[in-house]
Each structure stands twice: as structure tokens, then as C-alpha cells.
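Descriptive structure summary
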Amino acid sequence: MCGIVGYVGDKESAPILVSGLKKLEYRGYDSAGVAVVSRNTLNVVRATGKLRNLENRVSQEEPKGTIGIGHTRWATHGRPSDENAHPHSYKGVAVVHNGIIENHLALKAELRARGHHFSSETDTEVFAHLISDELDSGRDLPEAVRQAIKQVKGTYALAVVCSSDPNRIVCTKDASPMVLGLGEGQNFVASDVPALLEHTRDIVYMEEGDLAVVTAQGVALYNRQGQLVNRPTRRIDWTPMMAEKGGHKHFMHKEIWEQPRAVADTLRGRMLLSEGDVHFEGWSLSPEKVRALSKVTILACGTSWHSGIAGKHMIESLARIPVEVELASEFRYRDPIVDSTHLAIAISQSGETADTLAAFKEAKGRGATAMAICNVMGSAMTREADISVLTNAGPEIGVASTKAFTTQLVTLYMLAVKLGRMRGTLTVQQAQEHLTRLTEVPKMIEEVLKCETSVKRVARDFMSSQDFLFLGRGPMHPVALEGALKLKEISYIHAEGYAGGEMKHGPIALIDEKMPVVVIAPKQPHVAYEKIIGNIEEVRARGGKVIAIIDEDDTHVASLADDVIRIPPACALLAPVVATIPLQLLAYHVAEMRGNDVDQPRNLAKSVTVE
Ligand code: AGP
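Residues numbered from 1 in each chain as written. Predicted model: local features only at pLDDT ≥ 70, side-chain atom pairs only at ≥ 80, totals over all residues. Heavy atoms only, no water.

A look at the overall build of the chain
Here is the rule we go by: Where helices and strands are cited, they refer to DSSP runs of H or I of at least four residues and of E of at least two residues respectively, numbered from the N terminus. In this setup the radius of gyration rests on C-alpha atoms only. A globule is expected at 2.2 Å times the number of residues raised to 0.38. Each residue is assigned to one of three classes by its accessible area relative to the maximum for its type, calculated with a 1.4 Å probe on protein chains only: buried under 20%, partly exposed between the two thresholds, exposed over 50%. Should any heavy atoms of two residues lie within 4.5 Å, those residues are counted as being in contact. Note on areas: Shrake-Rupley, 1.4 Å probe, and residue coverage restricted to the protein chains presented here.
When helices and strands are tallied, the chain shows 21 helices and 26 strands. Computed over the C-alpha atoms, the radius of gyration of the chain is 25 Å, within 12% of the 25 Å expected from 2.2 N^0.38 for a compact globule of 611 residues. Summarising its shape, the C-alpha atoms of the chain cover approximately 80 × 55 × 45 Å along the three principal directions. Of all 611 residues assigned to the chain, the portion counted as buried reaches 60%. Taking as baseline every contact in the chain between residues at least 6 positions apart, the subset at least 24 positions apart corresponds to 71%. As displayed, the chain offers around 22,700 Å² of accessible surface, 48% of which is attributable to carbon and sulfur atoms.

Shown next, in the form of C-alpha cells:
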């Protein structure tokens, strides 16, 4: 997830690009840059960190030109740095890109063999080189871009300017968003509408495979087959704030609904289906080292700790390594037993949580191999790690973690498959079956999101409750913990998450007719379906209200529960991804109905960088 803007008209482009990028900072903030063209000269200005750093450089260097492109970056390939900041340029061609090029290593190798030198670690830079080669072979800019994208596997929204063709921006997209803004004697390109609202409300949404040639006078749009097409112009009447949230009332709601895309991005380029293996960029653990591992220690806080518990089920079951899941804030003050046969995995959305970072350093200092599963490339944890695996969820703005959690779960599942293959606990065929299931997850999330209407009804019925209990067994235990955490952090209702078997050891005393109990009960042997039905009976016997999360075809639990929310059936280890989503929606709607500040709940911070 990155932000792209482009401008062509009769005004100086750099200030317009910077102001457009400010509206897209929610899409990434690792680095930013602009490339403007004036009289066959390309000027590129880039800066690491927040946009104000770029703003300062632009005001010092004052790059001139009435055509240009800009970018705000969310790093996926290559750490945040000036060299890795977009635009990337080569021989007068400058590109900005949002997406992931899966075959960039192979393309770089081919280009190097033809004498090209790269100045960044990014996948994007190959576009500048490929386009430049096509121009050298006599093609014009639109055709050069068309030929370049034919060589690329992956996703992209791409905007290109070129010093030898200084009056047009060429842009194209596949699976990453791109819109065109239409003005009078000036036209615009952007990843998202908020960047354009200051200048125009007439927007054209590009479709998959479209290529646009944008000049000050107009826009020509071609489909994947190269035919000239007309796409409708829509008049946008959103406020800038509504536009940033993509029409959703809150970032949290937008992020819940983004999960099919976020999970697809987590999986992208990593599933080696035919080999039954997983590719993680920068993976440096040898098979001998993996086979010699005696323990995995997962270190995390809050929601990330919950994903760690689900990860324990995955890694133990598929790779047969003992896994301990530690609250980072406790681990760091113990005298933990760690040695060089241990793999310490820090899980963190931000990569900056103080307790997780300190625990991670402690484990590494005692000899463990340090792996970070993080959403933010270049964060403190990825810098500390021997190996970093990015979750690629894109920026999460809502304080309550949603897409960060589900992308952590699928990352852990991929890791479990990879470790299982390396340790020989999974055959190629078994690994292929697991990977095939993973590819189905984005579709399953799309399906489960359809439950929002039933969730809203449940939220309305229980929004005034004072307490909630969440129960789940096996891999559904962390889902119960996460459901309770989500509800308490944004609705301020007291909620407890429990393993079903623990209910009779205490919490059962709390149950009366005022107590809603959310039971996560997909029909799986690992989830102890029969036992969880026992829990439901115990709650009913004490007058408690049962809200059950069940498989689509479950009639038995449906006959026992007061309310049901149906989810598509998934295998036990992946069911947490699907089962969590109704609980995110439940917390969201209860909080919203109670009039709470959903995105910035009281007393909480998105990233807890203090002890
Ligand atoms: C979850 O909704 C939280 N706001 C919180 O528990 C969070 O997961 C925790 O602070 C850890 O953050 P991290 O993933 O950025 O390390």
C-alpha cells in the first residue's frame, strides 16, 4: 500500500504533488518523493520518513516543471531509505509504483546481464529499466510502458514520466487502485480520491489492465487489449475526510472490510504451490538450523499475542516444534531459559512496541535466532531481527487492530508450512494442500463479511450489557481472547475471553440472565465441538444468553443458541481468521451504537512505545 499522485497542467507541479501526497499519507509514510519534468530535464527529490521531510527538501530545491509524479511509500521490498524512496529513475524515465512485482529478482538478473546497474533494493526500479530499454528500441512512451508490464508478474498501479516525452504521464493499473481526476487545462492521477478533491470532483476509476495517457488537454484510456475505451466520469461529493476513509464512517470499519485484499497481499508472491513450499524474501535459515531447532518462543503483546497463541497451534501441528507464547512484558523481567537452538519470533503490527522489542533483544542476546513478523518494514524490530517477514497489511490507522491480526495469522500459517517442509514433517503433497487452503482465505473473508447485518442486530440487542464472556476451545481460544479485547477497547464494556474448559473453574459463577456469552463453535474435532456444546448447555442452564459463531450448515447449535452468526467452514487451523471477523464487527457496531470514538478509544495509543 503506497500513495501515488500525478499532475500535468500549466502550474508548478511540485507543490500540487506534495499537497496531494499529504492526503495520501494514510497509505504509507516510510519515505516520499516527487519527479518533475521541465524542458527535457528530469528533477527527482526524495526523502526518508514523514512527508514534512520531503516538503522541506522541495522548498529548498524548488524543482521546476508543470508535469510530475509523486509517491508516499509503505515499504515492502527494501528498507525505508532515500535510495529506496520512489520515484525511481533510469535514463530520464521516472516511475512511481504501488504493488508488488513477484518476479523482480529474475527480471533484475536479466537486466544486469544486459549491463544495467540498480541503485535501490526495490522491486519497482525494474520498471524504470524495462521502460527505458523499450524506449531505446524505438517505442513511444505508452507502448514502452505496455511492453514493460507484459514482462512483470504481480500487482501494480504505476505512473511514469519521461524527460524525452515531457508532456504526458502514462499510468496503468492491475489489482492496485488508480483514479484519474479531470480538470480544465490540467489533469491528475492518484491512488485515491482524497488527493484530488482540492482540484476536481470529476473522477474516472481505472479498471484492471487499463492504461491512460494523461496530458493537460485530456485523457486517453485504453483497455488491456489496447483498445480505446470510455470509462464513466463520476462526480464525487464526499468530504475529504470521508474520502480518506473510502466512504466508511471509521478507519476501523474500512480496515475490517479491507481484509480480503490485505490477506491476498500477505500471500502474494510467497506461495510456491507446485513445489509445496513458501518463499519469504531474505529467508536465511538453513535446513540444518531449522532441523536443529529445539523450541520456538513467540514474544508479543495484546492482539499480536493472541495471534501468537493461534501460531502455536499451527507450528506445533505442522512443524512439530514446541512453541511457547510469552507476554513480552513478563518475559523481559524473568530469567528466561534461551539458547542458540531457539527461534525467537517477535510478532508486532508496529514493530515498535517497547515491551516486545525489549523481550526480543533479550532473547537474541541470549543466543536465539531472532525473527520479526511485522507490518512495518524498517521498524525497530525488523532492524533488530536476523530475519523479517512482513505481513503486508498496509497502514493500520484504527487503534483497534483488525487486518494486522488476520494477516499475522496467515503469515504464521505460511511459516508453519515452511518449517514443516524444512523439518520433513510435511510431505510436498500435504504442504500443497495447506497452501491451497490458504489461497481460499481471501474469498472466505469476503463471504464472512456478509454477516454484517446479523452482527448489527446482535449488537443492537446487547449494546447495553455490562459484561460479556467469550468462549473458544483449541485454536478458537485466541479468537475468544481477541473478541473480548476488541469489545472492551472500543466499547468500554467489560469482557473476558476464556478457554471453554476453564469456564467451570470460575467464570461460570458470573453467569445469569444478563450475561451474553459469545461461543465460537465451528464444527471441528480440534475445536472440541462436542465439548463446546457442553459449555453452551451450561450457560443456558443458568439463564445466560448464548450468541454462537457457527458453520453455515450447523442446525444443532442453532437450535440451542439465542442468536447465531454463520461463517463459512474452514479447516481448524485457519478457522481463527474467519471466526474473528464477526467479532471485530460486533465490537465495532456496539461501540458505534454507544457513540464512542471508535478509531481513537480513550486511554489507548496505536503504538505503545513506553513500558
Ligand atoms: C489491539 O487492538 C491493540 N490496540 C493492542 O493490543 C496491540 O495489539 C498491542 O499494543 C501490540 O501492538 P503491536 O502489534 O504494534 O506490537
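Observations concerning the sheet that holds strand 8 (residues 169-174)
Worth spelling out the cut-off: One bridge is not enough; two strands pair if DSSP finds at least two bridges between them. To get an axis, fit a line to the C-alpha atoms, keeping to the stretch in contact for a helix; angles then go from 0 to 180 degrees between the N-to-C directions.
Read from one edge to the other, the open sheet built from six strands follows the order 5-6-7-8-12-13, with strand pairing classed as antiparallel. The open sheet has two edge strands, strand 5 (88-90) and strand 13 (219-222), and neither has a second partner. Neighbour to neighbour, the strand axes of the sheet diverge by 20° on average, direction disregarded. For strand 6 (residues 93-98) and strand 7 (residues 156-162), the ladder comprises six bridges, and the chain directions are antiparallel. Across the sheet, Val93 pairs through a bridge with Cys162, a residue of strand 7. On the sheet, helix 4 (residues 125-136) packs against strand 5, strand 6 and strand 7 and is oriented at approximately 140° with respect to strand 6.

Digging into the nonpolar core
We count it as follows: We define the nonpolar core as a collection of buried residues of types Ala, Val, Leu, Ile, Met, Phe, Trp, Tyr and Cys that are connected through side-chain atoms lying within 4.5 Å of one another. All domain edges in this entry derive from an automatic or database-based domain assignment.
Counting residues in each nonpolar core, the largest one holds 89 residues, and the members touching the most others are Trp283, Ile315, Ile345, Leu415, Leu438, Phe468 and Phe470. In terms of residues, this core owes the most to one element, helix 21 (residues 575-593), which gives 12 residues. For this core, the two domains that each supply at least three residues are domain 2 (265-439) and domain 3 (446-593). Aside from chain neighbours lying at most four places away, what touches Leu415 is Phe280, Trp283, Ile315, Ile345, Met371 and Ile373. Within the second largest apolar cluster, 27 residues are counted, among which are Leu24, Val36, Val58 and Leu197.

Here's the deal with the sheet that holds strand 20 (residues 369-374)
Reading across from one edge, 18-17-19-20-21 is the order of the five strands in this open sheet, with parallel pairing throughout. Only two strands of the sheet have a single neighbouring strand rather than two, namely strand 18 (323-327) and strand 21 (387-390). Going across the sheet, the axis of each strand differs from the next one's by a mean of 20°, ignoring polarity. Along the sheet, helix 10 (residues 302-319) makes contact with strand 17 (295-300), strand 18 and strand 19 (342-348), crossing strand 18 at roughly 175°.

Brief notes about the site of the ligand
This is how it is decided: Note on terminology: near, applied to a residue and a molecule or strand, indicates that one of the residue's heavy atoms is within 4 Å of it. Definition of a polar contact: a pair of N or O atoms within 3.5 Å, with one able to donate and the other able to accept a hydrogen when the atoms are protein atoms, and with sequence-neighbouring residues admitted only if both atoms are side-chain atoms. Each residue gets one label: Ala, Val, Leu, Ile, Met, Phe, Trp, Tyr, Cys and Pro are nonpolar, Asp, Glu, Lys and Arg are charged, and the others, such as Gly, are polar.
Close contacts around the ligand come from 14 residues, with Ser304, Ser348, Ser350, Thr353 and Glu489 the closest. Between the ligand and Val399 there is a distance of 3.0 Å, counted from a nitrogen atom to a backbone nitrogen or oxygen. Residue Ser401 places a main-chain N or O atom 2.8 Å away from an oxygen atom belonging to the ligand. Looking at the shell around the ligand, the elements that each hand over two or more residues are helix 10 and helix 18 (477-491). Class assignment of the residues belonging to the shell around the ligand gives a composition of four nonpolar, eight polar and two charged. Shared between two domains, the shell around the ligand holds at least three residues of each, these being domain 2 (265-439) and domain 3 (446-593).

Here we look at the pairing of strand 3 (residues 41-48)
Here strand 2 (residues 31-38) runs beside strand 3; their pairing, made up of eight bridges, is antiparallel. In the sheet register, Ser38 faces strand 3, and the bridge partner there is Thr41. Turn length for the strand 2-strand 3 hairpin, with the two strands adjacent in sequence and antiparallel, is two residues, and the turn residue Arg39 shows positive phi of about 40°.

Some remarks on the packing of aromatic side chains
For clarity, the cut-off: Pairing of aromatic rings covers Phe, Tyr and the six-membered ring of Trp, with a centre-to-centre limit of 6.5 Å; geometry is then stacked below 30 degrees between planes, edge-to-face above 60, and tilted otherwise.
Tallied over the full model, the rule gives five aromatic pairs. Measuring from centroid to centroid gives 6.1 Å for Phe127 and Tyr156, while their planes differ by 75°, and the two rings are edge-to-face. With Phe127 in helix 4 and Tyr156 in strand 7, the pair connects residues that are 29 residues apart, well separated along the chain. Take Phe127 and Tyr156: they sit in the same class, and that class is buried. Centroid distance Phe462 to Phe468: 6.4 Å. Interplanar angle 70°. Geometry classified as edge-to-face. Here Phe462 falls in the buried class, since its relative accessible area comes to 8%.

Overview of the pattern of salt bridges
What counts is decided by this rule: Any Lys or Arg side-chain nitrogen found within 4 Å of a carboxyl oxygen on Asp or Glu counts as a salt bridge.
What the rule picks out here adds up to 38 salt bridges. When the shortest N-O distance is used, the salt bridge between Glu446 and Lys443 registers 3.0 Å. Taken together, the residues Glu446 and Lys443, both in helix 16 (residues 441-448) and three residues apart, mark about one turn of the helix. A salt bridge links Glu489 to Lys486; its shortest N-O distance comes to 3.4 Å. Here Glu489 and its partner Lys486 are both found in helix 18, three residues apart, which amounts to about one turn of the helix. Because the salt bridges share partners, they merge into one network encompassing Lys254, Glu258, Arg261, Asp265, Arg268 and Lys403.

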